[in-house]
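Each chain is listed here by its residues.
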Amino acid sequence: MYRFISRRGSMALCAATLLLCFWAFQAQAQIEGITGTSPNPVFSFVAETASIQTVTINLRNNLPAPAGNVSLVFPGHKVTATGGVQGVLTREAEPGGVSVVTYTFTVDHPGSYQYHCGTRPDFMVEMGLAGAIIVRPLGYDFTDPDTYTAYGHEGSFYGHEELYFLTEMDPVIHNYVEAGQYDSVNTNDYFEVMWFINGRNFPDVMTDAGVPWLPNQPYNCQPKMRAGDKFLIRLINAGRDGHPMHYHGNDFTVIAINGRMLESAPGNGPDLGWKATTFTIEPGQTADLIWTWSGKELFPQRYRYFRAIIWRAAFATPDLDPIREVVKMRYLGGNAFGLLRGQEGTTIRPWAAGSRLALTDHGKPFPVIIPPRDDLSFGQFYHGSPFMGAEGVLPPSHPALNANGGFFYMWHSHTEKELTNNDIWPGGYVTFMIVEPPNVAMEMPVN
């Protein structure tokens with residue numbers, strides 16, 4: 001049982017340089033004094049097909065009378081609604097808290113969904129009345145990474161996940177509401193100038209979740225994984241425009257649309273999925289994407305094909321040992337590796353106790369001449385070395401924001417105006433995926 005109250009709040013925008021009012025469905029159990037969140041609460045359920053889980057939400061409308069009625073719709077779910085008054089799409093709660101509407105539905109199918117106000121959505125969703133629902137498959141257990149699948153099939157397996165809840169905003173509408181000038185609101189003249197991922201725009205979206213200076217925007221969007229892991233992107237468009245979201249670094253696979261896996265027959269897994277680097281998410285649509293990064297064809301010797309040498313302890317370097325051995329390990333896919341070893345050009349020998357092992361490709365010279373350090377301009381996330389996990393010399397006063405030597409890949413909209421905050425670049429739909437070295441501890445368990 002959940003209790004929702006629709007009420008007002010304030011959002012900090014553009015690195016807290018601007019405050020605008022918004023409306024929110026607030027769970028009654030939230031902390032007193034926190035006037036709702038943007039986006040609205042994210043619900044996570046586990047689909048229990050054996051004993052179907054029933055969700056009940058009671059909605060009371062505490063917005064001022066000029067705002068009018070509010071309601072809830074849940075695309076992808078069969079809902080029954082009682083109480084309040086009948087609206088165009090569903091039962092509605094009148095302002096002033098005079099009535100309560102009860103919505104009931106079951107969560108019997110895993111996937112990514114959204115819910116939003118079904119009354120005047122052109123105005124109410126713009127003011128913030130929308131949120132996400134995540135339904136996990138039967139058997140999911142957060143403490144057991146082996147159970148991490150989006151749809152219960154191994155083809156939807158992942159090690160990390162991130163929600164991408166997209167919204168946009170026309171501040172003119174919010175200013176009219178803040179001033180109580182409801183009659184001046186005209187959504188036909190809508191012109192958005194701000195874009196949000198999980199309620200924040202860049203650079204706030206990369207700040208830690210739950211920071212005290214953003215009390216009404218608790219969610220961030222900072223994707224992070226280790227090389228070779230699989231990353232699930234839960235993409236939800238609660239806005240009114242289509243957004244071409246572009247993911248640098250590698251292709252992703254689209255495994256589901258609108259909470260339904262792209263499979264040719266039940267049990268086949270996402271065999272109808274497709275690979276791409278850009279996916280245009282349409283208004284009201286949800287999509288689940290699996291992204292991974294292996295470094296294939298970028299640093300093949302480093303990440304896909306290892307070459308090492310073994311030499312005896314009596315020799316200072318491998319080149320001085322006349323019977324040194326060479327070991328090659330090739331990545332074959334999945335968890336499989338092929339192993340070759342032996343003295344170069346001669347016979348295979350056993351590995352003697354005390355032998356030493358070293359990778360021979362690390363620090364290998366590049367086929368081009370790199371200009372001197374002081375002739376280059378380094379980005380804030382460069383760690384001084386082209387190799388993952390390594391550190392190099394950086395210019396004085398370099399911010400050194402890349403503590404682990406990971407690779408940063410920009411994930412963003414391909415519509416350029418959506419990369420701004422009220423005409424100031426960069427902003428909007430921008431965040432960065434961080435691919436960390438294998439030895440870096442992660443916040444979430446990894447399979």
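Predicted model, so just to flag it, every value in this text is computed and none were measured.

**Here's the deal with the overall build of the chain**
No. 1: The number of helices and strands found in the chain is three helices and 26 strands.
No. 2: Residues classed as buried in the chain amount to 48% of the 447 residues present.
No. 3: Carbon and sulfur atoms make up 55% of the accessible area of the chain, which totals about 21200 Å².

**Comments concerning the pattern of salt bridges**
In a structure, side chains of opposite charge can pair up when their charged atoms sit close to one another.
No. 1: Across all of its chains, the model carries five salt bridges by this definition.
No. 2: In this structure, the salt-bridge partner of E192 is K417, at a minimum N-O distance of 4.0 Å. A residue pair is termed long-range when its members are at least 10 positions apart, and E192 in the loop between α2 (171-178) and β12 (194-197) and K417 in the loop between β25 (407-413) and β26 (430-436) qualify at 225 residues.
No. 3: Residue E192 is classed as buried on the basis of its relative accessible area, which comes to 5%.
No. 4: Judged by relative accessible area, K417 falls into the partly exposed class, the value being 39%.

**A word on the environment of Y148**
No. 1: Looking at where Y148 falls in the secondary structure, it is placed in the loop between β10 (130-136) and β11 (160-169).
No. 2: On the accessibility criterion, Y148 (0% relative accessible area) is buried.
No. 3: Here the alpha-carbon distance between Y148 and R136, two residues twelve residues apart in the chain, equals 8.9 Å.
No. 4: Polar contacts involving the side chain of Y148 include one to the main-chain carbonyl oxygen of F142, which spans 2.5 Å.

**Some words on the packing of aromatic side chains**
No. 1: Applying the stated criterion to the full structure yields 21 aromatic pairs.
No. 2: Plain terms: the ring middles of W274 and F279 are 6.2 Å apart, the flat faces sit at 35° to each other, and that makes the pair tilted.
No. 3: Within the aromatic cluster, the residues linked to one another by ring pairs are Y164, F231, Y247, F252, W291, W293, F407, Y409 and W411.
No. 4: Taking the ring centre of Y140 as reference, the NZ or CZ of R136 above it sits at 4.6 Å.
No. 5: Lying over the aromatic face of Y190, R240 brings its terminal NZ or CZ to 3.8 Å of the ring centre.

**Overview of the environment of V135**
No. 1: Relative to the elements of secondary structure, V135 occurs in strand β10.
No. 2: Residues V135 and S112 lie 23 residues apart in sequence; the distance between their C-alpha atoms is 6.5 Å.

**Notes on the sheet that holds strand β13 (residues 224-226)**
Within a sheet, neighbouring strands are paired by backbone hydrogen bonds and run either parallel or antiparallel to one another.
No. 1: The strand order β13-β26-β25-β15-β19 describes an open sheet built from five strands, whose pairing is mixed. Looking along the sheet, the strands with just one partner apiece sit at the ends: β13 and β19 (278-281). Going from strand to strand, the sheet's axes swing by 20° on average, the running direction of each strand aside.
No. 2: Sheet analysis places strand β15 (residues 243-247) next to β25, joined by three bridges and oriented antiparallel. Paired with M245 across the two strands is S413, which belongs to β25.

**Remarks on the confidence of the model for the chain**
No. 1: In this model, the chain carries a mean pLDDT of 84, and residues with pLDDT of at least 70 account for 78%.
No. 2: The low-confidence segment residues 299-303, where pLDDT is below 50, has 16 contacts with residues more than four positions distant or belonging to other chains.

**Notes on the nonpolar core**
No. 1: Y164, L235, Y247, W291 and W411 are the most contacted members of the largest nonpolar core, which totals 35 residues.
No. 2: For this core, the element with the most residues is β26, which contributes four residues.
No. 3: Membership of the second largest hydrophobic core comes to 30 residues, among which are L63, L72, F123 and V135.

**Details of a nonpolar patch on the surface**
No. 1: A contiguous nonpolar patch, built from F366, V368, I370 and L376 and spanning about 350 Å² of accessible area, is present on the exposed surface.
No. 2: Considering the arrangement of structural elements, one finds I370 in the loop between β24 (356-359) and β25.

**A look at α2**
No. 1: Turning to α2, its buried residues number three or more, namely P171, I173, H174 and V177. Buried residues along α2 cover an arc of 155° about the axis, so they all sit on one side.

**Some thoughts on unusual backbone geometry**
For residues that are not glycine, phi is negative in most cases, and the peptide bond is trans in most cases.
No. 1: Residue P203 follows F202 across a cis peptide bond; omega there is 10°.
No. 2: The omega angle of the peptide bond from W425 to P426 is -5°, so this bond is cis rather than trans.
No. 3: Considering the arrangement of structural elements, one finds P426 in the loop between β25 and β26.
No. 4: Phi at S397 is positive, roughly 70°, even though this residue is not glycine.
No. 5: You can call S397 exposed: its relative accessible area is 75%.
No. 6: With phi around 55°, N422 is a residue other than glycine that occupies positive phi space.
No. 7: What makes N422 partly exposed here is its relative accessible area of 38%.

Rules and cut-offs
- Think of each chain on its own: its residues are numbered from 1, step by step along the sequence as written.
- Only residues with pLDDT of at least 70 are given local features in this predicted model, and only at 80 or more are side-chain atom pairs given and counted; all residues enter the totals for whole chains, interfaces and linings.
- To obtain the side-chain values, all non-hydrogen atoms of the structure were used and water was disregarded.
- Helix numbers and strand numbers start at the N terminus; a helix is a DSSP run of H or I with at least 4 residues, a strand a run of E with at least 2.
- Only protein chains enter the accessibility calculation, which uses a 1.4 Å probe; a residue is then buried when its area is under 20% of its type maximum, exposed when over 50%, and partly exposed in between.
- Here the open area of atoms and residues is found with the Shrake-Rupley method and a 1.4 Å probe, where only the protein chains shown may cover a residue.
- Here a salt bridge means any side-chain nitrogen of Lys or Arg lying within 4 Å of a carboxyl oxygen belonging to Asp or Glu.
- Side-chain atoms alone can form a polar contact between residues adjacent in sequence; in general such a contact is a pair of N or O atoms within 3.5 Å, and within protein one must be able to donate a hydrogen while the other accepts it.
- Aromatic contacts are taken between Phe, Tyr and Trp rings whose centres are within 6.5 Å, Trp giving its six-membered ring; a plane angle under 30 degrees counts as stacked, one over 60 as edge-to-face, and the others as tilted.
- Whether a charge sits over a ring depends on NZ of Lys or CZ of Arg being within 6 Å of the ring centre and within 35 degrees of the ring normal.
- DSSP bridges decide pairing: two strands pair if at least two such bridges lie between them.
- Lines fitted to C-alpha atoms define the axes, with helix axes restricted to the stretch in contact, and inter-axis angles between N-to-C directions lie between 0 and 180 degrees.
- Each residue carries a pLDDT score, the predictor's own confidence in it, on a scale running from 0 to 100.
- Residues count as neighbours in contact if any of their non-hydrogen atoms are within 4.5 Å of one another.
- The nonpolar core is taken to be a set of buried Ala, Val, Leu, Ile, Met, Phe, Trp, Tyr and Cys residues, with the residues joined through side-chain atoms within 4.5 Å.
- Exposure above 30% relative accessible area and the lack of any salt bridge qualify a residue for a patch; like charges then connect within 9 Å, and the nonpolar side chains Val, Leu, Ile, Met, Phe, Trp and Tyr within 5 Å.
- The arc refers to the directions leading from the helix axis to the C-beta atoms.

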